[in-house]
Amino acid sequence: MIAKSEELRRSLNEINNLLQALRSLGARDDQEREEIEVLEQSRRSIVNLLESRRKQNRLPVVSLQAWRDGSLVAPPFAAERYAAVAQANQPASGAPRPYRVS
């Protein structure tokens, strides 16, 4: 199931309320600390997902016909994201070819 952004925002609000309540009570044992940590990880995941969706929604929409005709220009790739792929595909001359690890 894929959650809609509005559902994720509601979940984020609920997690924030739970975290606030748990922190105000104070963690008494390891189990409560682990529950707070799991909630914080869930919160970070949801925030990251919402941010990536927001960025994705800002990208321009292209027409299917232009895609079929091949008239689209390839989007520029982020160097950080594709540096490892580029290095593996085109290693520097004289350098040993890196092995692919799965």
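Please read these numbers as outputs of a predicted model, since none were measured by experiment.

Reading the values: rules and limits
- Residues numbered from 1 in each chain as written.
- Predicted model: local features only at pLDDT ≥ 70, side-chain atom pairs only at ≥ 80, totals over all residues.
- Heavy atoms only, no water.
- Helix = DSSP H or I, 4+ residues; strand = E, 2+ residues; numbered from the N terminus.
- Expected span 1.5 Å × (residues − 1).
- Buried < 20%, exposed > 50% of the residue type's maximum accessible area, 1.4 Å probe, protein only.
- Contact = heavy atoms within 4.5 Å.
- Salt bridge = Lys/Arg side-chain N within 4 Å of Asp/Glu carboxyl O.

Caption draft 1: Fine view of helix H2 (residues 30–58). Between the first and last C-alpha of H2 there are 42 Å, a value that for 29 residues agrees with the 42 Å anticipated at 1.5 Å per step. Every buried residue of H2 is listed here: Ile36, Leu39, Ile46 and Leu50. The inward-facing, buried residues of H2 abut helix H1 (5–25).

Caption draft 2: Local environment of H1. With 21 residues, H1 extends 30 Å between its outermost C-alpha atoms, agreeing within 8% with the 30 Å of an ideal straight helix rising 1.5 Å per residue. The secondary structure elements touched by the buried residues of H1 are H2. Looking one or two places after H1, you find Gly26, whose phi comes out positive at around 85°.

Caption draft 3: Spotlight on the pattern of salt bridges. Applying the stated criterion across every chain yields a total of 5 salt bridges. A salt bridge links Arg28 to Glu32; the nearest nitrogen and oxygen atoms lie 3.8 Å apart. Glu51 is the partner of Arg54 in a salt bridge, and the nearest nitrogen-oxygen pair spans 2.4 Å. In this pair, Arg54 and Glu51 are both assigned in helix H2, 3 residues apart and thus about one turn of the helix distant. For Arg54, a relative accessible area of 37% puts it in the partly exposed group. Accessibility expressed as a relative area gives 30% for Glu51, which makes it partly exposed.

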